[in-house]
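Listed below are the residues making up each chain.
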Amino acid sequence: MLCAVAVACAMLAGIAAANGQLSYFRNFIPNGVLFPNPNGASQTYSATSGGIDLTGPFFQSMGTNGRTCGTCHEPNDGMSISAADVDLRFYLTQGTDPIFRTVDGSNCDHNIDVSTFKGRESAYSLLRTRGLIRIPLAVPANADYQVTNVSNPYGCNETDTISMYRRPLPATNVRFLSAVMFDGRESSAATGTTKIVYSNYPNSLVSDLEHQSVDATTIHAQGDGTRPTAEEQQEIVNFEMGLTTAQSFGYRTGPLNAQGANGGPLALLNQPFFISINSSVHFLLPQFEQPGGLVAPGDGEFTSAIFNPFEAWANLPAHDPRAAVARGEALFNSLPINITGVAGINDDVTAGGLVAGGIPSLTGTCGTCHDTPNVGNHSFPTPLNIGTGDPNPSNASINLGGLDTSYLPSITVCRTDPETGLPTTTCKTTTDLGQALIDGSFDHVGKIKGPILRGLSARAPYFHNGSARTLLDVVKFYETRFELTLTSQQESDLVTFLGSL
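Note that the coordinates shown come from a computational prediction; the quantities given were computed from them, not determined experimentally. (Residues numbered from 1 in each chain as written. Predicted model: local features only at pLDDT ≥ 70, side-chain atom pairs only at ≥ 80, totals over all residues. Heavy atoms only, no water.)

Here we look at empty space enclosed by the protein
Tallied over the entire structure, the rule returns 2 cavities of 30 Å³ or more. Considering only enclosed or pocket space, the largest cavity measures out at about 670 Å³ in volume. If you go around the largest cavity, you meet 37 residues; those closest to its centre are H73, P168, L169, M181 and Q212. Those elements that provide at least two residues to the lining of the largest cavity are β5 (133-138), α5 (203-219) and α6 (230-241). A total of 5 residues in the lining of the largest cavity trace back to one element, the largest contributor, which is α5. Taken together, the residues of the lining of the largest cavity break down into 21 nonpolar, 9 polar and 7 charged. Roughly 70 Å³ of internal volume is contained in the second largest cavity. Lining the second largest cavity we find S280, V281, L284, G344, I345, L354, L362, T368, H378, T382 and L384. With 3 residues, helix α7 (residues 280-284) is the largest single contributor of residues to the lining of the second largest cavity. (1 Å grid on protein atoms, 1.4 Å probe; cavity = no way out; pocket = protein on both sides within 12 Å on 5 of 7 lines; lining within 4 Å. Points joined across faces, edges and corners; volume = space filled by probe spheres on them. Helix = DSSP H or I, 4+ residues; strand = E, 2+ residues; numbered from the N terminus. Nonpolar A, V, L, I, M, F, W, Y, C, P; charged D, E, K, R; others polar.)

Things to note about the sheet that holds strand β6 (residues 145-151)
Within a sheet, neighbouring strands are paired by backbone hydrogen bonds and run either parallel or antiparallel to one another. What the 3 strands build is an open sheet, ordered β6-β14-β15; its pairing is antiparallel. The sheet is open, and its two borders are formed by β6 and β15 (423-430), each paired with just one other strand. Looking at each pair of strands side by side, their axes are set apart by 25° on average, direction ignored. Relative to β15, strand β14 (residues 410-416) is paired through 5 bridges, and the arrangement is antiparallel. Across the sheet, T416 pairs through a bridge with P423, a residue of β15. (Pairing = 2+ DSSP bridges. Axes fitted to C-alpha atoms, helices over the stretch in contact; angles between N-to-C directions.)

Some details on unusual backbone geometry
Peptide bonds are mostly trans, and most non-glycine residues show a negative phi. Residues Y201 and P202 are joined by a peptide bond in cis, for which omega reads 5°. Tracing the sequence through the fold places P202 in the loop between β7 (161-166) and α5. Of the consecutive residues A460 and P461, the connecting peptide bond is found in the cis state with omega at 5°. Position of P461 relative to the elements: it lies in the loop between α9 (436-439) and α10 (471-481).

That is the geometry; function is a separate question.
Given below as structure tokens:
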């Protein structure tokens, strides 16, 4: 094993020299290339072309500011971006890389100075340190709430168009998506796209991704709408739908598919999926998330054992790093969590919850919200608010899980009186309005979808707002938010498992 690790590390060292700008690969990255990250290395496989074609439309500039889809969806960052690599790009290019554009890369788009290095360093601080893109979204005309206050430390204090700060989602493993974008806007009537359900998948997903490729080019690359053409849209989506990414090597574990384990991207290539597969909600309430089922649609089966790639390592000696991965997998699958205060689960059905009157508490596991087998997102478009963007009542600078959110804006919205249109005293304060900025519903403030968990090590920091700098921060968030009591060994095992996905 030590020899294998030494050889792999030598390979990683060679590739690391090219990491970031992909200068080692001019036109094509073959399947199987290792991309180093803090926990080891990930791999991305293409089922359509034997590798990543760097000359295709996904990597072509179609707008006016030099950006491509690949600017924010880099192969070496698991088809997303990591803050560390963005910061490196900043200093290597003195802040002139195409990702650094004021349209959305800067903390605000007015009252800033990007004419000097120091000015750019300050203007793009959220992108450099948290990997955040600014998403300006207009408050829907039909909103049943009013934005009464925006306290934005960077100057974007407008109350009609709200600046949201979010991580770019990975443009890989997309065939497992149940909604496109964190707030689901590219799978909603708000953008003229289609909600993804069992009966229209995968056609709805494909059409939503095609629409998203145009919106992304028009908005982020400041295009004129003529590109991507219909043919280019199809090429981009075919490329994305054919990509599979996962961690494949760990610095302490070695190859993640050794000794009977099924880590890495290859095992995911044939992973079954349909909308509502293994639905944790359908299992509890069969009228929701139809048709449900695990092996076949409608079979009524559910398993909380969401992940099984590393169960073959469960009997290894306790001191073996691979045994820690298996222990973490078992914890993810079985650790009881008392779920309370989660909008989308505990609230009333009229507000988007599960049942009339709501459920004060629900005993679940990590798989309650991450139920897609061996992938980890929710298999049905169910946006939730677990508190990553909501302030702690006793300290507004941290969220409900105790993580620092002082770098984000504070936004207060109040439900309006349907007769007078004036704001009532029913108000919420958050750092991200989530789904409410798409459908205009006060009850949906802060609700977002949970992302796919594969390839986590390649794209720190975590959560939609980058509030968890490390995977340990992620684990500690859930400990604080849901009052879990974990030993330091359990924390370490969970972190090791998540880092191996």
